[in-house]
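Topology and contacts: notes
Letter by letter, the chains look like this.
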Amino acid sequence: MFLRGRVLAYFAKVKITDTPKIRIGDAVKLIKESAKAKFDETIDFQLRLNVDPKHGDQNVRGTCMLPGGLGKNVSIAVLTSNEFNDVALRAGADFVGQEEILKSIKDGTYKFEKLITTQDMLIHLKPFARLLGTKGLMPNPKAGTLVLPQELSTAIKGAKAGSIEFRVDSGSNLMVPVGKKSFEDKVILMNIKAFSIALNQKRPISLKGQLIGEARIKTTMGKPVEVDVSSFDQRNKENDLKDLVY
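Let us look at the structure shown here.

Calculation rules
- Residues numbered from 1 in each chain as written.
- Predicted model: local features only at pLDDT ≥ 70, side-chain atom pairs only at ≥ 80, totals over all residues.
- Heavy atoms only, no water.
- Core = buried A, V, L, I, M, F, W, Y, C linked by side-chain atoms within 4.5 Å.
- Buried < 20%, exposed > 50% of the residue type's maximum accessible area, 1.4 Å probe, protein only.
- Helix = DSSP H or I, 4+ residues; strand = E, 2+ residues; numbered from the N terminus.
- Contact = heavy atoms within 4.5 Å.
- Salt bridge = Lys/Arg side-chain N within 4 Å of Asp/Glu carboxyl O.
- Pairing = 2+ DSSP bridges.
- Axes fitted to C-alpha atoms, helices over the stretch in contact; angles between N-to-C directions.
- Arc of directions from axis to C-beta.

**Description of the nonpolar core**
Soluble globular proteins: nonpolar side chains tend toward being buried together. In terms of nonpolar packing, the biggest core is built from 40 residues, with Phe45, Leu49, Ile192, Leu199, Ile217 and Phe232 touching the most fellow members. Put simply, the parts of the chain that give this core at least two residues each are α2 (24-34), β1 (42-49), β7 (163-167), β8 (173-180), α8 (185-201) and β9 (212-219). Here this core takes nine residues from α8, the largest share from any one element. Excluding its chain neighbours within four sequence positions, the residues that come into contact with Leu199 are Leu47, Leu49, Val60, Phe166, Leu174, Leu211 and Ile212. With 13 residues, the next largest nonpolar core counts Leu79, Leu115, Leu132 and Leu137 among its residues.

Next comes the structure, spelled out in structure tokens:
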């Protein structure tokens, strides 16, 4: 899913200071200890990449399966031929049915958080492409939401289990959720390791130097903490998460 907006806007405005950067494990402990909200806050991982999204090959985008999940149940709608509705429901889809889904999109009454579509149904979504695009809901093969019928079950189960989508914005910023305040530190770190691996797999071929320029981690209501990139970047063979198994 796309998780930008307010937090990334803040991230983009923050001026870089000489604040010491801390190791990823210490950063996770610090933000959890500092979290004061009465609800189970989401932990967001914010990065600034050394890419220029204006160049097509540097428009970093992909998906990642978080081994520790996200601690929430994502509501999923599946737009496919009626013959595959039962397959979608068995895999965990919350909403199926062409007419019902398309009508809810047109009326603005849809309740789903992710839309998975088979390729033959994409033509029916074209009238709503702009609307869905602004909400981060337009199916896309790179996001794992535009699939073949035989891929439906895997895509749905993955989305339910904690599959996230990441995409760099126009300011070279990127943010993903990596868990909840209630999660054990190890679970959050496992999610960060999995994301770092997935991100580096999308490293632009034309990029020279390090992909990740800066990193911060924060809870929903907390202040961001500067993180030492070398402590989690999987391209660094001595990173702090290298021995973490999931």
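**Some points on the pattern of salt bridges**
For the coordinates displayed, the defined rule picks out nine salt bridges. In this structure, Arg23 engages Asp240 in a salt bridge whose closest nitrogen and oxygen atoms are separated by 2.7 Å. In this pair, Arg23 is assigned in the loop between α1 (6-13) and α2 and Asp240 in the segment after β10 (225-226), connecting sequence segments 217 residues apart. For Arg23, a relative accessible area of 30% gives the class partly exposed. A relative accessible area of 39% means that Asp240 is categorised as partly exposed. Where Glu214 meets Arg48, a salt bridge forms, and the shortest distance between an N and an O atom there is 3.2 Å. Placement of Glu214 in strand β9 and of Arg48 in strand β1 is noted, with a sequence separation of 166 residues between them. Each of Arg23, Asp228 and Asp240 takes part in salt bridges that share partners, so that together they form one network.

**Topic: the sheet that holds strand β6 (residues 146-147)**
In space, the four strands of this open sheet follow the order β4-β3-β5-β6, with parallel pairing throughout. A single partner strand is all that each edge strand has here, and the edge strands are β4 (95-96) and β6. Bridge count between strand β3 (residues 76-79) and β4: two bridges; the pairing is parallel. Considered in β4, the bridge of Val78 is made with Val96. Helix α4 (residues 98-107) contacts β3, β4 and β5 (114-118) of the sheet and is inclined by roughly 120° relative to β3.

**Here's the deal with the pairing of β5**
Walk down a regular strand and you will see the side chains alternate between the two sheet faces. Most of β5 is tucked away: five of the five residues are buried. Alternating residues of β5 divide into Lys114, Ile116 and Thr118 and Leu115 and Thr117, and every residue in both groups is buried. In the sheet, β3 pairs with β5 via four bridges, with the strands oriented parallel. When the bridges of β5 are listed, Ile76 appears paired with Lys114. By the bridge criterion, two bridges tie β5 to β6 in an arrangement that is parallel. In the sheet register, Thr118 faces β6, and the bridge partner there is Val147.

**Re the pairing of β7**
In terms of burial, β7 is largely enclosed, as four of its five residues are buried. Relative to β7, strand β2 (residues 61-65) is paired through five bridges, and the arrangement is antiparallel. Bridging across to β7, Gly62 finds its partner in Phe166.

**Regarding helix α7 (residues 152-161)**
Every buried residue belonging to α7 is among Leu152, Ala155, Ile156, Gly158 and Ala159, and all of these are buried. Here the buried residues of α7 occupy an arc of 165° about the axis, which is enough to place them on one side. Contact partners of the buried residues in α7: β2, β3, α3 (85-91), β5, β6 and β7. With its phi angle positive at about 125°, Gly162 sits one or two positions after the end of α7.

So, to be careful, I would describe these as geometric facts and stop short of saying anything about function.
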